[in-house]
Amino acid sequence: MNDHEILALLCSAEREAAALMLHASGVLSECKSGHRDVVTEYDRRVQALLMERFSAAVPEARFFCEENDRHDDLHAPEVFVIDPIDGTMNFVRGFGHSCISAAYLRGGVPTAAALYNPYLDEMFTALSGGGAFLNGRPIRVSDAPLSESVVACGTSPYSMELADRGFALMKAAYLASLDIRREGSAALDLCSAAAGRAGVYFELGLSLWDYAAGMLIVQEAGGVCCTIEGKAMPLDPSRPSVVAGGERAVRELLALAREIP
Ligand code: IPD
């Protein structure tokens with residue numbers, strides 16, 4: 001399948017799986033690595049549905065997924081990186097701000113991404129070299145400085161050792177910008193940056209499934225996605241920091257981070 005066909009596959013599978021989220025009732029959660037890191041039967045069902053659809057269309061497909069420890073070799077010829085519900089805590093608590101995120105890697109390189117927020121019916125998509133879109137309309141990052149930007153951020157809730165530095169950077173970003181947001185879905189935060197709603201987004205520790213799709217969408221929206229040290233994002237399980245948005249606001253955020261021990 002070519003990348004356009006893969007993108008159509010990602011979108012149709014996500015729309016189909018979104019019905020599970022929208023009609024969920026009596027959502028119960030179980031703890032994974034700690035009391036904040038939770039999973040529900042809906043995370044598992046959404047993931048199973050996506051894997052079924054992707055395997056049917058691409059029999060050689062390999063997977064790197066949040067649930068069920070399915071972590072195949074990321075350098076296989078065709079790999080789908082799936083976060084079935086990003087913003088699981090929001091989902092469990094009924095905040096209505098979560099999404100389904102999937103990226104497709106060809107030979108280890110992200111070439112297609114789709115990220116669907118069923119609550120707002122917003123489908124963010126990108127193809128490598130083909131631009132980024134929201135419901136089919138092109139999107140672009142903001143070119144505003146930090147002082148004229150809203151800053152989206154995450155708390156890396158499964159890595160509490162990052163809290164002191166993360167909250168110090170949030171305070172610095174708050175003082176230097178219009179305001180900050182902590183909305184509870186890293187994948188949607190990346191899309192907020194891609195669409196220029198947030199000037200920049202940062203979080204000090206994320207998993208590959210949280211950022212693989214959003215990273216391509218930010219880059220294709222003309223933005224930068226890098227670590228807090230300004231290095232290229234690794235495509236591996238190392239849980240790196242992530243900073244994303246318009247080049248100017250990213251540069252200023254990186255400078256603030258250098259001042260924080
Ligand atoms: C989490 C959310 C959250 C972010 C965490 C992520 P999950 O993903 O994106 O906003 O702060 O770092 O792990 O666990 O809900 O898929």
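Cut-offs used in this document
- Residues numbered from 1 in each chain as written.
- Predicted model: local features only at pLDDT ≥ 70, side-chain atom pairs only at ≥ 80, totals over all residues.
- Heavy atoms only, no water.
- Pairing = 2+ DSSP bridges.
- Helix = DSSP H or I, 4+ residues; strand = E, 2+ residues; numbered from the N terminus.
- Axes fitted to C-alpha atoms, helices over the stretch in contact; angles between N-to-C directions.
- Contact = heavy atoms within 4.5 Å.
- Near = heavy atom within 4 Å.
- Polar contact = N/O pair within 3.5 Å; in protein donor to acceptor, adjacent residues only side chain to side chain.
- 1 Å grid on protein atoms, 1.4 Å probe; cavity = no way out; pocket = protein on both sides within 12 Å on 5 of 7 lines; lining within 4 Å.
- Sits in = over half its atoms within 2 Å of the grid points.
- Nonpolar A, V, L, I, M, F, W, Y, C, P; charged D, E, K, R; others polar.
- Points joined across faces, edges and corners; volume = space filled by probe spheres on them.

Thoughts on the sheet that holds strand β13 (residues 224–226)
Part 1 of the reasoning: Across the sheet, which stays open at both edges, the five strands sit in the order β11-β10-β12-β14-β13 with mixed pairing between neighbours. For this open sheet the edge positions go to β11 (179–181) and β13, each flanked by a neighbour on one side alone. Within this sheet the neighbouring strands show an average axis-to-axis angle of 15°, counted without direction.
Part 2 of the reasoning: For β13 and strand β14 (residues 242–245), the ladder comprises three bridges, and the chain directions are antiparallel. In the strand pairing of β14, Val 224 is matched with Gly 245.
Part 3 of the reasoning: Lying on the sheet, helix α5 (residues 186–194) is in contact with β10 (150–153), β12 (200–203), β13 and β14; it crosses β12 at an angle near 155°.
Part 4 of the reasoning: Of the strands in this sheet, β13 and β14 are in contact with helix α6 (residues 208–220), which crosses β13 at around 145°.

Some points on the site of the ligand
Part 1 of the reasoning: If you check the shell around the ligand, you find 15 residues, and the closest are Gly 87, Thr 88, Tyr 158, Ala 186 and Glu 203.
Part 2 of the reasoning: A distance of 3.1 Å separates an oxygen atom of the ligand from a polar backbone atom of Gly 184.
Part 3 of the reasoning: If you map the ligand onto the pockets, it falls in the largest pocket.
Part 4 of the reasoning: When grouped by side-chain class, the residues that make up the shell around the ligand number five nonpolar, four polar and six charged.

Considering empty space enclosed by the protein
In this approach, a probe sized like a water molecule rolls over the atoms, and the result shows the empty space that is left.
Part 1 of the reasoning: What the rule picks out here adds up to one cavity of 30 Å³ or more.
Part 2 of the reasoning: When its volume is computed, the largest cavity comes out at roughly 50 Å³.
Part 3 of the reasoning: Lining the largest cavity are Gly 154, Thr 155, Ser 156, Leu 162, Ala 163, Gly 166, Phe 167, Met 170 and Leu 204.
Part 4 of the reasoning: Residue composition of the lining of the largest cavity, grouped by class: five nonpolar, four polar and no charged.

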